[in-house]
Amino acid sequence: MHSITELRAACAALPHSHETFPFDPTTLVFKVGGAGAKMYALTDVQGDPVTVSLKVTPERGEELRAAFPAITPGYHLNKRHWITVTLDGRVPDGLLHELIVGSHALVVRGMTRAQRTELNL
C-alpha cells in the first residue's frame, strides 16, 4: 500500500467507516460510527511520501517503533496511543492492513455498548 487511493479503499472496507475533512482541505480523517463518530486514522492527501496515523495500544506502539524505522510516534497526536506510518514500502502491506483494522477495532471497543449495538458492531 503506497497511495491515498489504496489507503482509502482499505479504510472504506471496514464497517461503518467514513471520511471527513474536519481540520482543513488536505487532512483526511477516517472515522467509525454515526453521530459522535470517532477517528481511527488520518492522512495528508498531499503528503509525499504518504503517511497515515493510526491508533494502537501503548505496548504495541513501542514494539512497532522499535522494529520499523518507517513507524514513528503519532504526528500531532498522543504519542502513547498513536503511530504514524510512512507508506514507502518499508512496512509490509499485511502488517499495515492489520494496523488499520486494529485501529478501527480499538475505536469500536471504546464505544459504549449502546453505540456498538446501534451499529451492529
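This one's a predicted model, so the numbers in the text were calculated from it and none came from an experiment.

Some thoughts on the pairing of strand 3 (residues 38-44)
In this sheet, strand 3 lies alongside strand 2 (residues 27-32) in antiparallel orientation, the contact comprising six bridges. Bridge assignment links L28 to a residue of strand 3, and that residue is T43. The loop that links strand 2 with its antiparallel partner strand 3 comprises five residues; one of these, G33, has a positive phi angle of about 115 degrees. Hairpin connection between strand 3 and strand 4 (residues 51-55): a loop of six residues separates the two successive antiparallel strands.

Quick word on the side chain of H104
Within the secondary structure, H104 is located in helix 3 (residues 93-109). Overall, the relative accessible area of 6% leaves H104 in the buried class. Residues contacting H104, with those up to four places away along its chain left out, are L14, P15, V32 and Y40.

Considering the pairing of strand 1 (residues 17-20)
Judged from the four bridges that link them, strand 1 and strand 2 form a sheet pairing that is antiparallel. Following the sheet pairing, S17 is matched in strand 2 by V32.

Brief notes about the environment of I83
Relative to the assigned elements, I83 resides in strand 6 (residues 82-86). The exposure class assigned to I83 is buried, which follows from its relative accessible area of 0%. The spacing of I83 and V45 is 38 residues in sequence and 17 Å in space, taken between C-alpha atoms. Discounting residues that sit within four places of it in the chain, I83 has contacts with V52, S53, L54, V56, G61, L64, R65, I71, T72, P73, G74 and L99.

Calculation rules
- Residues numbered from 1 in each chain as written.
- Predicted model: local features only at pLDDT ≥ 70, side-chain atom pairs only at ≥ 80, totals over all residues.
- Heavy atoms only, no water.
- Pairing = 2+ DSSP bridges.
- Helix = DSSP H or I, 4+ residues; strand = E, 2+ residues; numbered from the N terminus.
- Buried < 20%, exposed > 50% of the residue type's maximum accessible area, 1.4 Å probe, protein only.
- Contact = heavy atoms within 4.5 Å.

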